[in-house]
Amino acid sequence: GPKVLQIPSHQIIDMGQMVTLNCDPVSNHLYFYWYKQILGQQMEFLVNFYNGKVMEKSKLFKDQFSVERPDGSYFTLKIQPTALEDSAVYFCASSSTGSVFFGKGTRLTVV
Amino acid sequence: QQQVRQSPQSLTVWEGETAILNCSYEDSTFNYFPWYQQFPGEGPALLISISSVSDKKEDGRFTIFFNKREKKLSLHITDSQPGDSATYFCAASGGGSNYKLTFGKGTLLTVTP
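Calculation criteria
Here the residue numbering is sequential within each chain, running from 1 through the sequence in written order. The lettering of chains begins at A and the numbering of ligands begins at 1, in the order of writing. For a predicted model such as this one, the threshold for reporting local features is a pLDDT of at least 70, and the threshold for listing and counting side-chain atom pairs is 80 or more; totals across whole chains, interfaces and linings nevertheless cover every residue. Note: side-chain values were computed over all heavy atoms of the structure, leaving out hydrogens and water. Think of it this way: any DSSP run of H or I at least four residues long counts as a helix, any run of E at least two long counts as a strand, and we number them from the N terminus. Within these notes, the globule rule equals 2.2 Å times the number of residues to the 0.38 power, and the radius of gyration is based on C-alpha atoms. Any residue under 20% of the maximum accessible area for its type is buried, any over 50% is exposed, and the rest in between are partly exposed; the area is computed with a 1.4 Å probe on protein chains only. Whether two residues are in contact is decided by their heavy atoms: any pair within 4.5 Å suffices. Charged-residue counts in this description rest on Lys and Arg as positive and Asp and Glu as negative, His and the chain ends being excluded. Just so you know, the charge point we use is NZ for Lys, CZ for Arg, CG for Asp and CD for Glu. Buried area is a sum: the accessible area each of two parts loses on coming together, probed at 1.4 Å, counted once for each and added. Salt bridge, as used here, is a side-chain nitrogen of Lys or Arg placed within 4 Å of a carboxyl oxygen of Asp or Glu. Counted as a polar contact is a pair of N or O atoms within 3.5 Å, where, for protein atoms, one must be capable of donating a hydrogen and the other of accepting one, and residues adjacent in sequence contribute only when both atoms are in side chains. Each residue receives one of three labels: charged for Asp, Glu, Lys and Arg, nonpolar for Ala, Val, Leu, Ile, Met, Phe, Trp, Tyr, Cys and Pro, and polar for the others, Gly being one of them. Residues enter a nonpolar core if they are buried and are Ala, Val, Leu, Ile, Met, Phe, Trp, Tyr or Cys, with the set joined through side-chain atoms within 4.5 Å. Residues enter patches when their relative accessible area tops 30% and they take part in no salt bridge; the joining distance is 9 Å for like charges and 5 Å for the nonpolar side chains Val, Leu, Ile, Met, Phe, Trp and Tyr. Residue burial considers only the protein chains on display, and all accessible areas are found by Shrake-Rupley using a 1.4 Å probe. In this analysis a 1.4 Å probe is tested at points of a 1 Å grid over the protein atoms alone, and where it fits but cannot get out there is a cavity; an open set with protein on both sides within 12 Å along at least five of seven lines is a pocket; lining residues have an atom within 4 Å of a point. Grid points are joined across faces, edges and corners, and a volume is the space filled by probe spheres set on the points.

S.K.: Describe the overall build of chain A, listing the residues and the values that go with them.
M.R.: From N to C terminus, chain A includes zero helices and eleven strands. For chain A, the α and β elements follow one another from N to C terminus as β-β-β-β-β-β-β-β-β-β-β. Taking 2.2 N^0.38 as the reference for a compact globule, 111 residues should give roughly 13 Å; the C-alpha atoms of chain A span a radius of gyration of 13 Å, in line with that estimate. Taking the principal axes of its C-alpha atoms as reference, chain A extends roughly 40 × 25 × 25 Å. Looking at chain A as a whole, 46% of its 111 residues qualify as buried. In chain A, 52% of the contacts between residues at least 6 apart in sequence involve partners at least 24 apart. One finds the centroid of the 10 positive side-chain charges in chain A at a distance of 5 Å from the centroid of its 9 negative side-chain charges.

Shown next as structure tokens:
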């Protein structure tokens, strides 16, 4: 199926530092998403993004989180500053008209 | 409040048997229901999906049965194979132009040879 690429696959960062997670969505997709998964459990919606704007965000999308996709490059999730509870696997996803495809995730460890 | 519920939490079947994974939902505006398969260390992969206008969707060994009145659906995996061992997530969305998915907690399926 269509591939969503995420870079890096793992990231270890000191608490309080900034981290940027990168996503290369499927080329013709217009809707982009970030989800959070802790310890292989439930996938939790964070935010979705369309036409350069955030469409909807959940209560998990704290003020320290931001997303952007400058000039059609990577779709990014930035966390600044990071907290211990931000440790999780973050999945990027994209869709065009229905089917949502996920990347392999970035495992973020905040120490 | 859990919007999408899955049962059982884990399931073990023998190779060749049919595995039945259950899902129910609360929000009557949900109209699109994909199932995802996830292997350890991987992202969820879209397996099969159904819209609320249908009561059955089949794709090879995988079939979704959907009951809109009871807000329930199930995924049947016939002739289960050891390679089917994974976590299966039921998800739901209200469709439209948003496609925001609400996931259940997943069912861990183990197929024993």
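Read on, since the account is not over.
S.K.: Any chance you could break down the interface of chain B and chain A for me, citing the residues and the numbers?
M.R.: Listed by partner, the interface residues are 18 residues for chain B and 23 residues for chain A. Interface area, chain B with chain A, both sides summed: about 1,700 Å², of which 53% is carbon and sulfur. Of the charged contacts in the structure, one is a salt bridge between K104 of chain A and E42 of chain B, with a shortest N-O distance of 3.7 Å. Where chain B packs against chain A, one counts five residue pairs in polar contact (both at pLDDT 80 or more). Across the side of chain B that touches chain A, the residue classes break down as eight nonpolar, seven polar and three charged.

S.K.: Describe the nonpolar core, and please don't skip the residues or the numbers.
M.R.: With 25 residues, the main nonpolar core has W35, L73, L75 and Y88 of chain B as its most contacted residues. Those elements that place two or more of their residues in this core are strand 2 (10-14), strand 3 (19-25), strand 4 (32-38), strand 5 (45-51), strand 7 (62-67), strand 8 (72-77), strand 9 (86-92) and strand 11 (107-112) of chain B. If you look at the next biggest cluster of nonpolar residues, it comprises 23 residues, including V26, F32, V47 and L108 of chain A.

S.K.: Give a description of a nonpolar patch on the surface that names residues and reports values.
M.R.: Residues and elements named next belong to chain A. A grouping of L30, Y50 and M55 is seen on the molecular surface, where their side chains present a nonpolar patch of about 250 Å² in accessible area. Here M55 lies in strand 6 (residues 53-57). According to the relative accessible area criterion, M55 is partly exposed, its value standing at 36%.

S.K.: For the side chain of T76 of chain A, give the residues involved together with the corresponding values.
M.R.: All names here are of chain A. Assignment of secondary structure puts T76 in strand 8 (residues 75-79). Looking at T76, the relative accessible area reads 10%, which means it is buried. Not counting residues within four places of it along the chain, the set of residues in contact with T76 comprises T20, L21, N22, W34, S66, V67 and E68.

S.K.: Which residues make up the layout of surface pockets, and what values do they have?
M.R.: Approximately 760 Å³ is the volume found for the largest pocket. G103 and K104 of chain A together with E42, G43 and P44 of chain B are the residues nearest the centre of the largest pocket, which is lined by 35 residues in total. Looking at side-chain class alone, the lining of the largest pocket contains 17 nonpolar, 14 polar and four charged residues.

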